[in-house]
Amino acid sequence: MRTTLGSRMTAGTAALAATLTLALAAPRMAWSAEETGERFEYKGYATLNYYHFDWETDPQRRDAVDLERLAIEAEYKLSPRIEVEAEIEFEHGGTGSAMELDRFEESGEYESEVEKGGEVKVEELAASFFIHPAFNVRVGHFIVPIGFAAKLDEPVDYFTVERSEAERAILPVLWDETGAEIFGDLPGVHYQLQVVNGLDATGFSSGNWIALGHQGRFETVTAENWAFAGRLDAQGIPSTRLGVSGYFGNSRDNRPKPDLHSPAYVGILSAHAEWANGPWVARGVGIWGGLSNSEAVSRANANLSNKLNVKGTPVGAQAYAATAEAGVDVLRLAGIKQSGYVFGRFDAYDTMWKTQGQVLDNPAWQRTAWTGGVN
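How each quantity is defined
- Residues numbered from 1 in each chain as written.
- Predicted model: local features only at pLDDT ≥ 70, side-chain atom pairs only at ≥ 80, totals over all residues.
- Heavy atoms only, no water.
- Helix = DSSP H or I, 4+ residues; strand = E, 2+ residues; numbered from the N terminus.
- Buried < 20%, exposed > 50% of the residue type's maximum accessible area, 1.4 Å probe, protein only.
- Contact = heavy atoms within 4.5 Å.
- Areas by Shrake-Rupley, 256 points an atom, 1.4 Å probe, with all protein chains shown as cover.
- Salt bridge = Lys/Arg side-chain N within 4 Å of Asp/Glu carboxyl O.
- Phe/Tyr/Trp six-rings, centres within 6.5 Å; stacked < 30°, edge-to-face > 60°.
- Lys NZ or Arg CZ within 6 Å of the ring centre and 35° of its normal.
- Pairing = 2+ DSSP bridges.
- Polar contact = N/O pair within 3.5 Å; in protein donor to acceptor, adjacent residues only side chain to side chain.
- Core = buried A, V, L, I, M, F, W, Y, C linked by side-chain atoms within 4.5 Å.

Turning our eyes to something else, we now look at the overall build of the protein. On a plain count of helices and strands, the protein comes out with 3 helices and 18 strands. When burial is assessed residue by residue, the protein has 46% of its 375 residues classed as buried. Residue pairs at least 24 apart in sequence account for 64% of intrachain contacts in the protein once pairs closer than 6 positions are excluded. Counting every atom, the protein has about 18800 Å² of accessible surface; 59% of that belongs to carbon and sulfur.

Below, the structure is given as structure tokens:
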């Protein structure tokens, strides 16, 4: 069990948040009495959040509680070299029909959402083939390994109640796609290379750049455009994790209709670093993203039907996000056999850092945030 209490300050805003995380796990067990060896493993966790808001930019925002996630994970070894893994998440209390009031992106309009604040989602469903330490294959539905959020996903992995505000502003959270991956360990580095289905440019917006282009509005995911993703993490450096990741792919032909005649290539570069020594932890990540023909994407999105439930706001040609955070385990320093971190975080991000043509650079989308609290 883990409890986090944190507060966040941005320009003209403040929030207090608390989370309670419960986790369960079981050792590997034999699948049947006739089989030997460790074949099956399951685990899970749940997170419940409370938020208290005092925002000048949104003074009517009310306090809230959120059953953020109930996740169930399972792994099964078909053989010593083949493993199947699955993760199912129940997010924000389930599914249904709900209304949302967007005060900023659509001038205070109500939006209809086919959900009850959340969804039931298959986060991962993949088969891994372990061929050699330097070369292995995974096929199915899995995580796109961009930034820190892809690796520090579970609530016990990150300090604050929610994942990094900067990463959440410009990238899908959590970013999962379908495709194929090769991965392995080379001298001094772990690598991942993926081919996955691409994004849908109709979801791109001013406030979240390409984050809402993560497909999921329809029963099937359009796969006219594919994308490439990769990650390198240095290994063997004591107390230190260093790495880079990147993504490149077109998002034009994954739109529901052929209403965009220019390519919409998305390129993302990220660098991350972490130092953990005894009770001390410090980490940071920087992300840059570019979108080709963003003016054409903005024009096409402005003409989309309201029934599609997308923002339809102008899209930036470039965006950036940066996060730096540090924490110290004060209970460990005091010799207590429990973990109790005091932490701080700084986020800086701009989802419309650079614009193209007639698209205006709205300074409201350049944001910073300070977050502090205890675990």
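Here the focus is the pattern of salt bridges. Within the structure shown, the criterion is met by 19 salt bridges. As a salt-bridge pair, R241 and E274 come within 3.5 Å of each other at their nearest N and O atoms. Residue R241 is located in strand β13 (residues 240-250), and its partner E274 is located in strand β14 (residues 265-277); the two are separated by 33 residues in the primary sequence. R241 gets classed as partly exposed once you look at its relative accessible area, which sits at 27%. Judged by relative accessible area, E274 falls into the buried class, the value being 11%. Note that E274 is salt-bridged to R283, the shortest N-O span being 2.8 Å. Each member of the pair, E274 as well as R283, is classed as buried.

Looking at the secondary structure, you find G243 in strand β13. Classification of G243 by relative accessible area gives buried; the value is 12%. Between the C-alpha atoms of G243 and A271, which are 28 residues apart in sequence, the distance is 5.9 Å. Those residues in contact with G243 that sit more than four places away from it in its chain are L232, D233, S270, A271 and H272.

Next up on the list: the packing of aromatic side chains. A full pass over the atoms with the stated rule returns 10 aromatic pairs. On the numbers, 5.4 Å between centres and 85 degrees between planes, the contact of Y320 with W353 is edge-to-face. One end of the pair, Y320, is in strand β16 (residues 318-329); the other, W353, is in strand β17 (residues 341-354), and 33 residues separate them in sequence. Aromatic side chains F346 and W370 sit 4.6 Å apart centroid to centroid with 45 degrees between the ring planes, which places their arrangement in the tilted category. Of the two residues, F346 sits in strand β17 while W370 sits in strand β18 (residues 366-374), which places them 24 residues apart along the sequence. Clustering of aromatic rings is evident, with ring pairs tying together Y51, F53 and W55. Directly above the aromatic system of F183 lies the positively charged group of R138, at a separation of 4.2 Å from the ring centroid. When the ring centre of F159 is taken as reference, the NZ or CZ atom of R283 above it lies at 5.1 Å.

Each regular strand carries side chains that alternate between the two faces of the sheet. One ladder, built from 12 bridges, connects strand β3 (residues 40-53) with strand β4 (residues 64-79); its direction is antiparallel. The residue of β4 that forms the bridge with A46 is L70. Where β4 and strand β5 (residues 82-91) come together, 10 bridges link them in antiparallel fashion. When the bridges of β5 are listed, R69 appears paired with E91. Adjacent in sequence and paired antiparallel, β4 and β5 are bridged by 2 residues.

Take the pairing of β14 next. In this structure, β13 lies alongside β14, joined through 11 bridges in antiparallel fashion. Bridge pairing in β14 links G246 to L269. Pairing of β14 with strand β15 (residues 280-291) involves 12 bridges; the strand directions are antiparallel. Paired with A273 across the two strands is G284, which belongs to β15. Remark: 2 residues form the turn of the hairpin made by β14 and β15, two consecutive strands paired antiparallel; G278 in that turn has positive phi of roughly 60 degrees.

Take the side chain of T202 next. By the element assignment, T202 lies in the loop between β11 (189-197) and β12 (226-234). Of the polar contacts made by the side chain of T202, one reaches the side chain of D200; its length is 2.8 Å. With near-sequence residues (within four places) excluded, T202 lies in contact with R217, R255, P256, N301, L304, L308 and V310.

Turning to the side chain of H214, a few remarks are in order. You can see H214 is positioned in the loop between β11 and β12. Using a relative accessible area of 18% as the deciding quantity, one classes H214 as buried. Reaching out from H214, the side chain makes a polar contact with the backbone oxygen of D176 at a distance of 2.7 Å. When sequence neighbours within four positions are dropped, the list of residues in contact with H214 reads K121, P172, L174, W175, D176, E177 and L199.

This paragraph deals with helix α2 (residues 294-302). Counting buried positions along α2 yields 7 of 9 residues, so the element is predominantly enclosed. Inspection of α2 places S294, E295, A296, V297, S298, A300 and N301 among the buried residues, and these make up the whole buried set. Elements in contact with the buried residues of α2: β15.

In globular proteins that are soluble, nonpolar side chains generally tend to be buried together. Within the largest apolar cluster, 34 residues are counted, with the highest numbers of intra-cluster contacts made by F204, W209, Y247, V266 and I268. The residues contacting Y247, other than those within four sequence positions of it, are V144, I146, W175, V196, G198, L199, A227, F228, A229, V266, G267 and I268. Counting 5 residues, the second largest nonpolar core, distinct from the first, contains A17, Y51, F53 and W55.

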